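Chain residues, written in single-letter form:
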Amino acid sequence: MNEKIRQDFPILQRTVYGKPLVYLDNAATTQKPRCVVEKIAEEYYNVNANIHRGVHFLSQQATEAHEEARRTIQRFINAAKPEEIIFTRGTTEAINLVASSFTYGCMKVGDEVIISAMEHHSNIVPWQIEAARNNITVKVIPITEVGELDMEAYEKLFSERTRLVAVTHISNVLGTVNPVREMARIAHAHDVPILIDGAQAVAHQKVDVQALDADFYAFSSHKIYGPTGIGVLYGKEKWLDEIPPYQGGGEMIASVSFEQTKFNVLPYKFEAGTPDFIGSVAFATAIDYLSAIGFEAIEKHEQELLTYATERLKSIDGIRFFGTSKHKSGVISFLVGNIHHYDMGMLLDQLGIAVRTGHHCAEPLVKFFGIEGTVRASFALYNTHSEVDTLVAGIERVKKMF
């Protein structure tokens, strides 16, 4: 990617502790291009009015912008209808919505959900809550030493009580790209729907929910260059019609009396209260920005960067990698010698290099590898080969201190 794209992200021009910022924490959140931030200001200054319920000009204008954002997202992931796009506060809320509503509407005591050993806490804890509340069983797909799902074990987990599979598309710790299309095929052969956590996928590769045959697909705006606090749950119309609402309140109703409430049509059935109608428009702006660059170019750049970084980091004596699948996205988790991941991260920060340390909200996964946490460098479209060189030099400098 060229310098022109980096100029679209003003934060990349700043310094940290007197050093140029090297931002390698993109799996946690991506930086925002100027057009997204400007769109937020523009909407607040010119089109700020509550949507759907107003007859005045501003309300109608804001409503149309919000619904056009929904259509933009529909086209972006190739959903069949805009009604299949539910706005949420992010991936976590989207998964909680499915966990709560699907369990209540489609599961009974003793029924089972299958998740994997590489899930983020947001795709573990909601199911544990439902297991405790509704006496369902959570089964876990094991992983291999290289950080791939054991597909043979996955097939064997299905029983006549299996009701749902919930699995990540790309691991936020290992970078492993899971074979979710094949996993969906296997699940559907057992008449079981699949929920895919796409938080780490949508910014790095083209996602087509119909080609994947996903029943549910969740992702967040802030991981794809959009604003925080908004995300999407895609659901096939069949399932969204079948499961009950997650929250009650305004907008999600057709009519209310003290005797009976009738729920609204899709997608509003799942969108109680005033939505983030400013965030939705900025979210769509981020998607338009990415689409203009093109995912073929983005994926090519990030894969080149991943290959280059992996080779450069291998030159560091004592480095250990976690997640060595051949099918990887731009995430590298590592430790160096006996240096604690927190110490490495803190000292790299003093050199202006932002990485993530810890268990990355995937504690069971890091425990599988017999460690407490890792240092994680994660790449985005604006990162460069020279930033990788800076990271390697920084690690070598920290290593000398120990």
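Criteria and thresholds
- Residues numbered from 1 in each chain as written.
- Predicted model: local features only at pLDDT ≥ 70, side-chain atom pairs only at ≥ 80, totals over all residues.
- Heavy atoms only, no water.
- Helix = DSSP H or I, 4+ residues; strand = E, 2+ residues; numbered from the N terminus.
- Expected span 1.5 Å × (residues − 1).
- Contact = heavy atoms within 4.5 Å.
- Polar contact = N/O pair within 3.5 Å; in protein donor to acceptor, adjacent residues only side chain to side chain.
- Buried < 20%, exposed > 50% of the residue type's maximum accessible area, 1.4 Å probe, protein only.
- Arc of directions from axis to C-beta.
- Phe/Tyr/Trp six-rings, centres within 6.5 Å; stacked < 30°, edge-to-face > 60°.
- 1 Å grid on protein atoms, 1.4 Å probe; cavity = no way out; pocket = protein on both sides within 12 Å on 5 of 7 lines; lining within 4 Å.
- Points joined across faces, edges and corners; volume = space filled by probe spheres on them.
- Nonpolar A, V, L, I, M, F, W, Y, C, P; charged D, E, K, R; others polar.
- Pairing = 2+ DSSP bridges.
- Axes fitted to C-alpha atoms, helices over the stretch in contact; angles between N-to-C directions.
- Salt bridge = Lys/Arg side-chain N within 4 Å of Asp/Glu carboxyl O.

A. Here's a closer look at helix 3 (residues 57-77). With 21 residues, helix 3 extends 31 Å between its outermost C-alpha atoms, agreeing within 8% with the 30 Å of an ideal straight helix rising 1.5 Å per residue. Along its buried surface, helix 3 packs onto strand 4 (85-88), helix 8 (209-212), strand 9 (216-220), strand 10 (231-235), helix 10 (277-293) and helix 11 (295-314). A positive phi of about 60° marks Asn-78, the residue just after helix 3.

B. Examining the side chain of Asn-178 more closely. Tracing the chain through its elements places Asn-178 in the loop between strand 7 (162-168) and helix 7 (180-189). Within the structure, the side chain of Asn-178 is placed 2.9 Å from the backbone oxygen of Thr-168, a separation counted as a polar contact.

C. Highlighting unusual backbone geometry. Cis rather than trans, the peptide bond between Leu-266 and Pro-267 has omega equal to 0°. The phi angle at Asp-191 is positive, at roughly 60°, despite the residue not being glycine. One non-glycine residue, Tyr-225, adopts positive backbone phi at about 75°. Counting through the fold element by element, Tyr-225 comes out in the loop between strand 9 and strand 10.

D. The arrangement of the environment of Thr-274 in detail. By the secondary structure assignment, Thr-274 is in the loop between strand 12 (261-263) and helix 10. On the accessibility criterion, Thr-274 (44% relative accessible area) is partly exposed. Separated by 240 residues in sequence, Thr-274 and Arg-34 have C-alpha atoms that sit 26 Å apart. Setting aside residues up to four positions removed in sequence, Thr-274 forms contacts with Asn-50 and Arg-53. At 3.0 Å, the side chain of Thr-274 forms a polar contact with the side chain of Asn-50.

E. Quick peek at helix 7. Here helix 7 has its buried residues at Val-180, Met-183, Ala-184, Ile-186 and Ala-187. Along helix 7, the residues classed as buried sweep out an arc of 165° about the axis, all on the same side. Residues of helix 7 that are buried make contact with strand 6 (137-141), helix 6 (151-156), strand 7, strand 8 (194-197) and helix 8. Immediately beyond the C-terminal end of helix 7, within one or two residues, lies Asp-191, with a positive phi of roughly 60°.

F. Structural view of the packing of aromatic side chains. Going through the model one piece at a time under the given rule, you end up with 12 aromatic pairs. Aromatic side chains Phe-102 and Phe-216 sit 6.4 Å apart centroid to centroid with 85° between the ring planes, which places their arrangement in the edge-to-face category. Residue Phe-102 is located in helix 4 (residues 91-106), and its partner Phe-216 is located in strand 9; the two are separated by 114 residues in the primary sequence. By relative accessible area, which is 2% here, Phe-102 ends up buried. Exposure remark for Phe-216: the relative accessible area of 0% places this residue in the buried category. Judged by centre distance (5.7 Å) and plane angle (70°), the ring pair of Phe-322 and Phe-369 falls under edge-to-face.

G. Local environment of the layout of surface pockets. Here the largest pocket defines a volume of roughly 430 Å³. Looking at which element gives the most residues to the lining of the largest pocket, the answer is helix 4, with four residues. Residue classes in the lining of the largest pocket are distributed as eight nonpolar, 14 polar and seven charged. In this model, the second largest pocket occupies a volume close to 230 Å³.

H. Region of interest: the sheet that holds strand 16 (residues 356-358). Ordered by their spatial adjacency, four strands build an open sheet running 13-14-17-16, and the pairing between neighbours is antiparallel. Each edge of the sheet is formed by a strand with only one pairing partner; in this case those strands are strand 13 (319-322) and strand 16. Mean inter-strand twist for the sheet, computed between neighbouring axes without regard to direction, equals 30°. Relative to strand 14 (residues 331-336), strand 13 is paired through four bridges, and the arrangement is antiparallel. The residue of strand 14 that forms the bridge with Arg-320 is Leu-335. Across the sheet, helix 12 (residues 341-350) lies against strand 14, strand 16 and strand 17 (374-378), angled at about 160° from strand 16, the strand it touches most.

I. Focus on the pattern of salt bridges. Within this structure, the stated rule accounts for 26 salt bridges. Between Arg-312 and Asp-389 there is a salt bridge, and its shortest N-O distance comes to 3.1 Å. Residue Arg-312 is found in helix 11, and its partner Asp-389 is found in helix 14 (residues 385-401); the two are separated by 77 residues along the sequence. When its relative accessible area of 28% is taken as the criterion, Arg-312 is described as partly exposed. For Asp-389, a relative accessible area of 27% translates into the label partly exposed.

So far we have only geometry, and geometry alone does not tell us how the molecule works.
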